[in-house]
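Reading the structure
Here are the chains, one letter per residue:
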Number of protein chains: 2
Amino acid sequence: MIQTTRYNVQTLTTFVEQLFMKAGADVEVAQVVTRVLLEGELLGHRTHGLNLVSRYIDGVLSGQVKARAQALEQVADSGVSSLFDGHYVLGPYCVSRALDCAAAGATKQGIGIAVVRRAAHIGCLAAYLKPYTDQGLLAIVYSSDPSVGLVCAHGGIDPVYTPNPIAAGIPTQGEPILLDVSMSTVTLGLVGQCRDAGRRLPHPVLVSNEGQLSDDPGDFFTRPQGSILPLGGQAFGHKGFALALLVEALTSGLAGHGRKDAPDQWGASATALVIDPRMFGGLEAFLDETSFLGGLVLASRPLDPERPVRLPGQAGLALRRQAVEQGVSLSPQLIADLERVAGQLQLPGLFQ
Amino acid sequence: MIQTTRYNVQTLTTFVEQLFMKAGADVEVAQVVTRVLLEGELLGHRTHGLNLVSRYIDGVLSGQVKARAQALEQVADSGVSSLFDGHYVLGPYCVSRALDCAAAGATKQGIGIAVVRRAAHIGCLAAYLKPYTDQGLLAIVYSSDPSVGLVCAHGGIDPVYTPNPIAAGIPTQGEPILLDVSMSTVTLGLVGQCRDAGRRLPHPVLVSNEGQLSDDPGDFFTRPQGSILPLGGQAFGHKGFALALLVEALTSGLAGHGRKDAPDQWGASATALVIDPRMFGGLEAFLDETSFLGGLVLASRPLDPERPVRLPGQAGLALRRQAVEQGVSLSPQLIADLERVAGQLQLPGLFQ
């Protein structure tokens with residue numbers, strides 16, 4: 001019999017915050033990073049949730065990742081547009097500060113944008129959005145990593161850029177629409193999972209370093225490395241490719257720090273864009289429209305009668321509700337991992 | 001022997017401007033609309049170029065489309081964010097004014113956004129961008145049409161929304177990157193062209209009104225109508241679908257006018273977003289980065305040796321250069337169409 005332990009959200013929050021603080025983070029940084037990672041966990045993004053805690057803390061302890069709020073430097077500020085240099089501060093803190101800054105601009109003048117260069121790993125973009133949609137704001141996050149190339153140009157063989165996700169939180173009268181999609185067919189995470197499981201990918205979305213289309217993860221992990229096809233695949237990959245270039249421009253382009261600088265440390269360029277519908281056609285009209293559209297979508301007849309049509313984020317928000325009400329279930333492996341970190345930091349474990 | 005007549009850009013400009021003015025457009029409106037339609041023609045978007053002139057003028061003459069600058073109403077303005085009600089003024093004028101307004105905000109504070117509701121037909125989004133990239137600005141245009149449903153939700157059968165394009169102009173040290181991509185697999189234009197030519201679509205990107213995937217345009221033009229699959233198709237359509245919802249929120253949502261209002265007249269919701277890199281990491285660093293990235297793309301080994309990797313907009317800009325230098329060649333059908341309109345307005349034709 002497998003026993004599943006469910007943890008209260010508040011218990012987990014306090015536990016993880018203390019890990020970060022003991023590792024050297026400011027209270028504010030620890031709180032923000034914990035909230036974002038736990039939110040990823042609650043929304044069901046297990047690979048971008050609490051399993052990142054140990055990796056982040058290892059980064060802080062090794063000195064590669066910074067955990068002080070004051071290390072995040074605001075380089076430019078016009079009232080609605082800002083540039084931050086993250087100097088490799090914990091990514092969730094950098095992105096949250098950027099979103100807060102963009103939201104302040106949006107509340108004042110309808111739109112705000114903040115760009116961060118050299119953030120440490122930023123986790124799951126979907127995990128950042130709900131605090132803003134709860135305020136009736138439309139929030140968008142774009143990211144890329146100029147130290148990494150995984151995805152090929154449309155019609156090309158060589159890996160040039162990253163999956164470059166676009167995430168957005170769209171408020172409605174009910175739950176928000178939360179989308180988080182990469183501009184590549186698949187992410188590196190999925191390719192790695194398939195390799196580890198000895199499986200092929202569900203579709204031939206890889207290009208070997210010799211230019212053969214493939215569904216074999218082995219064709220990606222070669223030297224030189226293979227590539228992932230852009231969103232749209234062979235037939236419509238010019239679209240995903242074009243959008244990925246736009247994401248590069250909005251992130252590393254505006255950041256003034258990108259592939260041209262050949263950074264040798266993993267670090268994200270991230271851009272937060274927040275819009276306040278109150279300064280346009282009004283919040284009520286906005287919510288009426290997004291809710292009406294959501295209703296049209298949910299009323300669609302499904303292609304497969306067993307799989308009703310859903311809105312982006314709907315499944316994650318259902319998981320989130322369940323976890324908040326019933327507690328968060330963690331895998332034995334994750335619990336052991338968190339206990340290890342607590343021991344290393346001479347803090348009591350989750351059970352103590 | 002087929003004789004191709006090439007027309008000088010200035011000759012065409014003057015001719016088309018006079019058509020619009022005689023039809024009742026203000027000088028400013030005539031100039032802007034002519035510039036945008038001609039730019040679409042120059043970039044090779046023949047279906048969204050000068051062939052729209054007669055349709056637009058018919059709309060103006062029938063009273064359904066307005067041609068006076070003062071009919072375009074600015075409803076809100078914060079300095080960086082604006083809302084316009086187009087009241088069905090000629091779309092290229094509405095979108096150009098929105099872009100100018102957003103560009104003014106960007107120049108002052110780094111970013112500007114302007115939303116237009118109820119613009120008449122807006123043509124080809126790629127045709128709007130170059131004036132802004134020429135100033136070193138990053139310009140993005142989103143659009144949807146709340147009176148039309150063509151594309152299904154991911155996993156759904158029924159048509160819910162429009163192809164919802166995203167277009168962007170990204171300045172580089174050389175020619176700009178110009179992208180203009182719909183969030184559906186294909187556009188209605190292509191489905192119609194295949195029907196007219198008696199051809200099947202190159203991929204099964206349609207869903208019949210009974211839920212069968214199809215490449216037969218006849219399965220789209222039924223009652224009730226079929227649907228077009230979102231970008232990403234069956235495997236990855238959740239991504240195109242999610243991005244299309246974001247475009248709906250950015251356009252009709254912010255506009256406060258959308259599907260909830262069940263408009264019975266074709267009319268676009270369009271949003272212009274302009275960003276000035278000078279207010280972030282600097283124009284030089286931006287151009288260095290986008291040019292470096294463009295260089296990586298162009299240096300990619302091609303999957304097909306006969307088809308070198310290209311940047312979005314590269315082919316269109318080459319056509320544009322050729323047309324500016326050697327004159328614009330128009331099809332006999334288009335010439336006849338323009339002559340008809342000139343005759344109807346009692347103006348001399350192109351040859352006179």
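Quick summary incoming for the structure in this document. In this text, all values refer to a predicted model and were calculated from it rather than measured experimentally. (Residues numbered from 1 in each chain as written. Chains lettered and ligands numbered in written order. Predicted model: local features only at pLDDT ≥ 70, side-chain atom pairs only at ≥ 80, totals over all residues. Heavy atoms only, no water.)

So, the packing of aromatic side chains
Short version of the rule: Two aromatic rings, drawn from Phe, Tyr or Trp (for Trp, its six-membered ring), form a pair once their centres lie within 6.5 Å of each other, and the interplanar angle then sorts them: stacked below 30 degrees, edge-to-face above 60, tilted otherwise. Partly exposed describes any residue whose relative accessible area lies between the buried limit of under 20% and the exposed limit of over 50%, with all areas from a 1.4 Å probe on protein chains only and scaled to the type maximum. Numbering of helices and strands runs from the N terminus; a helix is a DSSP stretch of H or I covering at least four residues, while a strand is a stretch of E covering at least two.
Applying the stated criterion to the full structure yields four aromatic pairs over all chains. Consider the rings of Phe220 of chain A and Phe221 of chain A, whose centres lie 5.0 Å apart with planes at 85°: the pair is edge-to-face. On the accessibility criterion, Phe220 of chain A (1% relative accessible area) is buried. Accessibility expressed as a relative area gives 33% for Phe221 of chain A, which makes it partly exposed. Ring geometry for Tyr161 of chain B versus Phe241 of chain B: centroids 6.3 Å apart, planes at 25°, classification stacked. Within this pair, whereas Tyr161 of chain B is found in strand S7 (residues 159-161), its partner Phe241 of chain B is found in helix H7 (residues 233-255), the two being separated by 80 residues in sequence. For Tyr161 of chain B, a relative accessible area of 0% corresponds to the buried category.

Concerning the relation of the copies chain A and chain B
Just so we agree on the cut-off: Here the copies are matched by least squares. The fit uses the C-alpha atoms of residues with pLDDT of at least 70 in both. The contact criterion used is simple: two residues touch if any of their non-hydrogen atoms lie within 4.5 Å.
Of the two same-sequence chains, chain A is brought onto chain B (RMSD 0.0 Å, axial shift 0.0 Å) by a rotation of 180°. The operation mapping one copy onto its partner corresponds to a two-fold rotation axis. When C-alpha positions in chain A are compared against the rotation axis, the closest is assigned to Gly232 of chain A, at 2.4 Å. Looking at the interface residues of chain A, 99% of them are also at the interface in chain B, so both copies use one shared face.

As for the sheet that holds strand S2 (residues 73-77) of chain B
Residue and element names in this part refer to chain B. Inclusion rule: In this description, strands pair whenever DSSP reports at least two bridges between them. Inter-axis angles, ranging from 0 to 180 degrees, are taken between N-to-C directions of lines fitted to C-alpha atoms, where helices are fitted over the stretch in contact.
Within the open sheet, the seven strands sit side by side as S2-S3-S4-S13-S5-S8-S9. Their pairing is mixed. Either end of the sheet is taken by a strand with one partner, and the two such strands are S2 and strand S9 (177-181). Taken pair by pair, the neighbouring strands of this sheet meet at an average axis angle of 15°, ignoring direction. The pairing of strand S4 (residues 111-119) with strand S13 (residues 268-275) spans seven bridges and is antiparallel. In the sheet register, Ala119 faces S13, and the bridge partner there is Ala268.

Re the pattern of salt bridges
All names here are of chain A. Definition in use: The salt bridge definition used is simple: a Lys or Arg side-chain nitrogen within 4 Å of an Asp or Glu carboxyl oxygen.
Enumeration over the complete set of coordinates arrives at 30 salt bridges over all chains. One salt bridge connects Arg278 with Asp276, and the closest N-O pair in it is separated by 2.8 Å. Put simply, Asp58, Asp337 and Arg340 are held in one network by salt bridges that share partners.

Notes on the nonpolar core
Rules: Nine residue types can take part in a nonpolar core, namely buried Ala, Val, Leu, Ile, Met, Phe, Trp, Tyr and Cys, and a core is a set of them joined through side-chain atoms within 4.5 Å.
Counting residues in hydrophobic clusters, the biggest one holds 103 residues, and the most contacted among them are Met183 and Leu246 of chain A together with Met183 and Leu246 of chain B. Every residue in contact with Leu246 of chain A, bar those within four places of it in the chain, is listed here: Leu138, Ile140, Ile166, Ala168, Ile170 and Leu179 of chain B.

Some points on helix H9 (residues 314-326) of chain A
Residue pairs three or four apart in sequence face the same way in an α-helix, which turns once every 3.6 residues. Residues and elements named next belong to chain A. Counted only if it meets this: To estimate the expected span of a helix, subtract one from its residue number and multiply by 1.5 Å. Directions from the helix axis toward the C-beta atoms define the arc.
Counted at 1.5 Å a residue, the expected span for H9 with its 13 residues is 18 Å, and the 18 Å between its end C-alpha atoms agrees. Here H9 has its buried residues at Gly316, Leu317, Arg320 and Ala323. What you see down the axis of H9 is that its buried residues fit within an arc of 120°, all on one side. Looking at the packing, one finds that the buried side of H9 touches helix H1 (9-23), helix H2 (27-42), helix H5 (130-133), strand S9 (177-181) and strand S14 (328-329). Note on H9: the residue one or two positions beyond its end, Gly327, has a positive phi of about 95°.

Observations concerning the interface of chain A and chain B
By a widely used convention, the size of an interface equals the accessible area lost when the partners come together. Worth spelling out the cut-off: Accessible area, probed at 1.4 Å, shrinks when two parts are joined; the buried area is that loss added up over both. Counting of polar contacts relies on pairs of N or O atoms within 3.5 Å, with two restrictions inside protein: one atom must be capable of donating a hydrogen and the other of accepting it, and residues adjacent in sequence are counted only when both atoms are side-chain atoms.
Each partner contributes residues to the interface: chain A has 85 residues there, and chain B has 84 residues. Both sides together, the interface formed by chain A and chain B hides about 6900 Å², and carbon and sulfur atoms give 74% of it. Looking at the side of chain A facing chain B, the largest losses of area belong to Phe280, Arg301 and Leu303 of chain A, adding up to 11% of the total buried there. Inspection of the region where chain A meets chain B yields two salt bridges. Here Arg301 of chain A ties to Asp158 of chain B by a salt bridge, and the two come within 2.7 Å at their closest N and O atoms. Where chain A meets chain B, there are 25 residue pairs in polar contact (both at pLDDT 80 or more). Where the side of chain A that touches chain B is concerned, the elements lending two or more residues are strand S3 (81-85), strand S4 (111-119), strand S5 (138-144), strand S8 (166-170), S9, helix H7 (233-255), strand S13 (268-275) and helix H8 (283-298) of chain A.

Points about the sheet that holds S4 of chain A
Residue and element names in this part refer to chain A. Pairing in this open sheet of seven strands is mixed, and the strands run S2-S3-S4-S13-S5-S8-S9 from one edge to the other. Where the open sheet ends on each side, the last strands, each with one partner, are strand S2 (73-77) and S9. Averaged over all pairs of adjacent strands, the angle between strand axes in this sheet comes to 15°, irrespective of strand direction. Sitting on the sheet, H7 touches S3, S4, S5, S8 and S13, and the angle it makes with S5 is about 75°.

Examining the pairing of S4 of chain A
Residues and elements named next belong to chain A. Note the following rule: Orienting the strands away from the viewer, one traces the path from the first strand over the helix to the second; a clockwise path indicates a right-handed crossover.
The buried fraction of S4 is high, at eight of nine residues. With five bridges connecting them, S3 and S4 associate as parallel partners. Along S4, the bridge assignment pairs Asp85 with Arg117. Crossover S3 to S4 through helix H4 (residues 91-109) is right-handed.

A look at the side chain of Thr185 of chain B
Checked against the element boundaries, Thr185 of chain B lands in the loop between S9 and helix H6 (188-197). The class of Thr185 of chain B is buried, set by a relative accessible area of 3%. Ignoring any residue separated from it by four or fewer positions in sequence, one finds Thr185 of chain B in contact with Phe236 and Lys239 of chain A together with Val205, Ile228, Leu229, Pro230, Leu231, Gly232 and Gly233 of chain B.

Here's the deal with the state of the cysteines
Residues and elements named next belong to chain A. The cut-off we apply is this: For this text, the term disulfide refers to a pair of cysteine sulfurs within 2.5 Å.
All chains considered together, the criterion is met by zero disulfides over all chains. Cys124 carries a free sulfur, and the closest cysteine sulfur to it, the one in Cys94, is 17 Å from it. You can see Cys194 has no disulfide; the closest cysteine sulfur is in Cys152, sitting 17 Å from it.

Spatial relationships are all this shows, so hold off on functional conclusions.
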